[in-house]
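# Observations on chain architecture
This is what each chain is made of:
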Amino acid sequence: MWLWLAEITEGNNKLEKKILDNCGEPEIIYKMSDKEILGSADFTEYEKKILQNNLEKVSLDRIKDDLKAKEVNFVSAEHEEFPSSLRAYQDCPFHLYYKGRLPADNTLLVAVVGSRVCSNYGRNIAKNLGRELSENDISIISGMARGIDTYSHLGAVEIKKPTFAVLGCGVDICYPTENIELYRDIISYCGGIISEYPCGTKPLSWNFPLRNRIISGMSDAVVVVEAKEKSGSLITVEYALEQGKDVFAVPGRVGDVLSEGCNRLIKSGAMVLTEPSDILQNYGISKKTKCKISALSKKNLEKDLLLVYIELGLHPVSVQTIIEETRLEYEKIMELLTKLQLMGLVEEVYQNHYARTK
């Protein structure tokens, strides 16, 4: 009956709570007439419209068949599979839809959030976090939005580790559409696509701030990689602080618009994160992996290759700067940069400017 209630309210948590507070358990509500339900509380016109539309057309059997065909699971807060981390909060969702699986209660989850329009620096930080935390048995949870969210998930799926995405639409909808390969990979690598909204729910703008409470609620810590002063990512931080979660922020350059939100968080007391090991140390986890530059050294690669790699960071560096620092010839520099690109360690961000990818 929880599934039926979720469908007639369209996953509207406030509306669902209003009905439950006034009518009792879902089994009781299911047996009530449409007129009794509509007269059971002081509904707004918008809420009445939702109920009137859905009470007439929602068929429990049809919904079950639809979920089965789409390989979508449903779990209410009363079920043992429901994330126990969410039950503690007053605005906890009454149910979740998901594809793949939900994280186990003993899983350490870190939320990575940030700007949709991110820099090369932020993109690489997010991807490195996703990869290194996943390598050390910490799962990433985020919203699969463009930018920081996407790259944190990519860091996990590239090494075939589970990651979890909470959507602001139905789990049968991939949003943004260009993330369809990531969407499939998340499910393939034993992660999960999660939402409180029924299948078919479109990615409406007002759904996304609300889904952030689920991201923070399921996580043990929230990391903000890049955020403007009034970034939507800071809504996740507000929820996290209310829920008593650890908050980390990646510092950025003074004056950089994408760093304003993170730098303000640090000023307000957020923990500074400069590398994934900051998270590992906070939870007493010994790092399993070694940094890429050490791995390169062990392979006894040519000295000049390492010399050029060391000069690069996550912010783009010009070829001229590399020449000045290494004192190597232009032709040699370009040869080495090409090798590093083929190894997947370096990318040309824009003409004659290079940055690390890892």
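In what follows, the structure referred to is the one given above.
Below is a summary of the structure that appears in this document. Note that the structure is a prediction, hence the values are computed from the model and not measured. (Residues numbered from 1 in each chain as written. Predicted model: local features only at pLDDT ≥ 70, side-chain atom pairs only at ≥ 80, totals over all residues. Heavy atoms only, no water.)

## A word on the state of the cysteines
Disulfides are covalent bonds that link the sulfur atoms of two cysteine residues. Going by this rule: We call a pair of cysteine sulfur atoms a disulfide when they lie within 2.5 Å. Here's how the labels work: a residue is buried when its accessible area is under 20% of the maximum for its type, exposed when over 50%, partly exposed in between, all with a 1.4 Å probe on protein chains only.
Counting across every chain of the model gives zero disulfides. For the unlinked cysteine Cys-118, the closest cysteine sulfur is that of Cys-262, found at 12 Å. Overall, Cys-118 belongs to the partly exposed group, its relative accessible area being 22%. For Cys-262, a relative accessible area of 0% gives the class buried.

## Overview of helix H8 (residues 120–135)
To be explicit about the condition: Where helices and strands are cited, they refer to DSSP runs of H or I of at least four residues and of E of at least two residues respectively, numbered from the N terminus. Residue count minus one, scaled by 1.5 Å, sets the expected span of a helix. Any pair of nitrogen or oxygen atoms within 3.5 Å is treated as a polar contact; in protein, a donor-acceptor pairing is required on top of that, and neighbouring residues in sequence qualify only through side-chain atoms on both sides.
In this model, H8 (16 residues) spans 22 Å end to end at C-alpha, consistent with the 22 Å of a helix rising 1.5 Å per residue. Burial runs high along H8: 14 of the 16 residues are buried. Capping the start of H8, Ser-119 holds a side-chain oxygen 3.3 Å from the backbone nitrogen of Tyr-121, two or three residues further along. Two residues or fewer after H8 comes Asp-137, characterised by a positive phi angle close to 65 degrees.

## Details of the pattern of salt bridges
Let me state the cut-off plainly: Here, a salt bridge means any side-chain nitrogen of Lys or Arg that lies within 4 Å of a carboxyl oxygen of Asp or Glu.
Summed over the entire model, instances satisfying the criterion amount to 14 salt bridges. The shortest N-O distance in the salt bridge between Asp-21 and Lys-17 comes to 2.9 Å. Separated by four residues within a single helix, Asp-21 and Lys-17 lie in helix H2 (residues 13–23), roughly one turn from each other. Salt-bridge contacts for Glu-335 lead to Lys-339; the nearest nitrogen and oxygen are separated by 3.7 Å. Of this pair, Glu-335 and Lys-339 both sit in helix H18 (residues 330–342), four residues apart, which is roughly one turn of that helix. A cluster of three or more residues bridged by salt bridges with shared partners is formed by Asp-66, Lys-70 and Asp-172.

## A closer look at the pairing of strand S4 (residues 138–142)
For clarity, the threshold we go by: Paired strands, as defined in this entry, are two strands with at least two bridges between them according to DSSP. We call a crossover right-handed when, viewed with both strands directed away from the observer, the connection leading from the first strand over the helix to the second proceeds clockwise.
Judged by how many residues are buried, S4 sits mostly within the fold: five of five residues are covered. In S4, alternate side chains face the same way, and those of Ile-138, Ile-140 and Ser-142 on one face and Ser-139 and Ile-141 on the other are all buried. Pairing of strand S3 (residues 108–113) with S4 involves four bridges; the strand directions are parallel. Paired with Val-110 across the bridge in S4 is Ile-140. Once you follow S3 into H8 and on to S4, the crossover reads as right-handed.

## Section: helix H10 (residues 180–188)
Note the threshold: The arc in question is the one spanned by the directions pointing from the helix axis to the C-beta atoms. Contact between two residues is taken to exist if any of their heavy atoms lie within 4.5 Å; hydrogens are not considered.
Those residues of H10 that sit buried are Leu-182, Tyr-183 and Ile-186. What you see down the axis of H10 is that its buried residues fit within an arc of 105 degrees, all on one side. The exposed set on the far side of H10, more than 90 degrees from its buried face, consists of Glu-181, Arg-184 and Ser-188. Next to the buried residues of H10 lie strand S2 (95–100), helix H9 (148–157), strand S5 (163–166) and strand S6 (192–195). After H10 finishes, the residue Cys-190 shows a positive phi value of roughly 65 degrees.

## Section: the sheet that holds S6
Note on sheets: strands pair through backbone hydrogen bonds, and any given pair is parallel or antiparallel. Condition: Under this scheme, a helix contributes an axis fitted over its contacting stretch, all axes are lines through C-alpha atoms, and angles between N-to-C directions fall in the 0 to 180 degree range.
Spatial strand order, S1-S2-S6-S5-S4-S3-S7-S8-S9: nine strands in an open sheet with mixed pairing. The two strands at the open ends of the sheet, each matched to only one other strand, are strand S1 (73–76) and strand S9 (271–272). Pairing between S4 and S5: three bridges, direction parallel. Directly across from Ser-142, in S5, lies its bridge partner Ala-165. Contacting S3, S4 and strand S7 (221–224), H8 crosses the sheet at an angle of about 145 degrees to S4.

## Observations concerning the packing of H8 against H9
Stated formally: For any helix crossing, the convention is left-handed if the near helix is rotated counterclockwise from the far helix by under a right angle, and right-handed if that rotation is clockwise. Under the grouping applied here, Gly and all other residues not named as nonpolar or charged are polar, the nonpolar ones being Ala, Val, Leu, Ile, Met, Phe, Trp, Tyr, Cys and Pro and the charged ones Asp, Glu, Lys and Arg.
Interaxial distance between H8 and H9 falls to 7 Å at its minimum, and their mutual angle equals 35 degrees. Where H8 crosses over H9, the handedness of that crossing is right-handed. For the pair formed by H8 and H9, the contact residues are Gly-122, Arg-123, Ala-126, Lys-127, Gly-130, Arg-131 and Ser-134 on the first element and Ile-148, Tyr-151, Ser-152, Leu-154, Gly-155 and Ala-156 on the second. For the contact of H8 with H9, the per-class residue count stands at five nonpolar, five polar and three charged.

## Looking at the side chain of Ser-142
Structurally, Ser-142 is set in strand S4. For Ser-142, a relative accessible area of 0% gives the class buried. At 2.6 Å, the side chain of Ser-142 and the backbone oxygen of Val-112 are in polar contact. Discounting residues that sit within four places of it in the chain, Ser-142 has contacts with Val-112, Val-113, Asp-149, Ser-152, His-153, Phe-164, Ala-165, Val-166 and Ile-215.

Function cannot be read off these values alone, since they describe shape.
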